[in-house]
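# Topology and contacts: notes
Chain by chain, the residues:
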Amino acid sequence: MRIYSRKAFQFDHPAGQEPAVVVRAADFAEVPNWVKHSSMFKLASQAGDVTVAETKQAVKEAETGTKAKTAAERRAEEQAQKEAEAKAAAEADQPQSEQQ
């Protein structure tokens, strides 16, 4: 499994059966598959400090620190933007006495 790590980490085998794996900060590393089951990996991935980089898209996201949005996420953002604009326009159209 290939990962990108923003910070240096030591991943200990969940059952203690294999030596720990150490990765450097701001670097890609090839690690054993058991690493994804370690407590440190789970915490680091939740915090966004470690990213599995198996595809070219995942590598690009890891390097740039951005994640490509899905079509559903883009539609939801567009809808939220439209609703916010409509609300702002409606508030702007109200007479000054009604706003207070």
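Use the structure listed above.
What comes next concerns the included structure.

Quick notes on the rules
Residues numbered from 1 in each chain as written. Predicted model: local features only at pLDDT ≥ 70, side-chain atom pairs only at ≥ 80, totals over all residues. Heavy atoms only, no water. Phe/Tyr/Trp six-rings, centres within 6.5 Å; stacked < 30°, edge-to-face > 60°. Buried < 20%, exposed > 50% of the residue type's maximum accessible area, 1.4 Å probe, protein only. Helix = DSSP H or I, 4+ residues; strand = E, 2+ residues; numbered from the N terminus. Core = buried A, V, L, I, M, F, W, Y, C linked by side-chain atoms within 4.5 Å. Contact = heavy atoms within 4.5 Å. Polar contact = N/O pair within 3.5 Å; in protein donor to acceptor, adjacent residues only side chain to side chain.

### Remarks on the packing of aromatic side chains
- Going through the model one piece at a time under the given rule, you end up with 3 aromatic pairs.
- Pairing Phe 9 with Phe 11 gives two aromatic rings, centres 5.9 Å apart and planes at 25 degrees, and the pair type is stacked. By the burial criterion, Phe 9 is buried, and Phe 11 matches it.
- Between Phe 11 and Phe 41, the aromatic rings sit 5.9 Å apart at their centres with planes inclined by 65 degrees, giving edge-to-face as the arrangement. In this pair, Phe 11 sits in strand β2 (residues 9-11) while Phe 41 sits in helix α1 (residues 39-47), placing the two residues 30 residues apart along the sequence. With respect to burial, Phe 11 and Phe 41 carry one shared label: buried.
- Among the aromatic side chains, those forming a connected cluster through ring pairs are Phe 9, Phe 11 and Phe 41.

### Focus: the nonpolar core
- Grouped together as the largest cluster of nonpolar side chains are 13 residues, with contacts concentrated most on Ile 3, Phe 11, Val 23, Val 31, Val 35, Phe 41 and Val 50.
- Every element with two or more residues in this core is listed here: β2, β3 (21-23) and α1.
- Those residues within four positions of Val 23 in sequence are excluded, and the remaining contacts are Ile 3, Ser 5, Lys 7, Ala 8, Phe 9, Phe 11, Ala 29 and Val 31.
- Core analysis: the second largest hydrophobic core is formed by 5 residues, Tyr 4, Phe 28, Ala 53 and Val 59 among them.

### As for the environment of Val 23
- By secondary structure assignment, the location of Val 23 is in strand β3.
- Among the residues examined, Val 23 registers a relative accessible area of 3% and is labelled buried.
- In this structure, the C-alpha to C-alpha distance between Val 23 and Arg 6, residues 17 residues apart in sequence, is 9.6 Å.

### Points about the side chain of Ser 38
- The residue Ser 38 is located in the loop between β4 (27-30) and α1 in this model.
- You can call Ser 38 buried: its relative accessible area is 2%.
- Polar side-chain contacts of Ser 38 include one of 3.2 Å to the backbone nitrogen of Phe 41.

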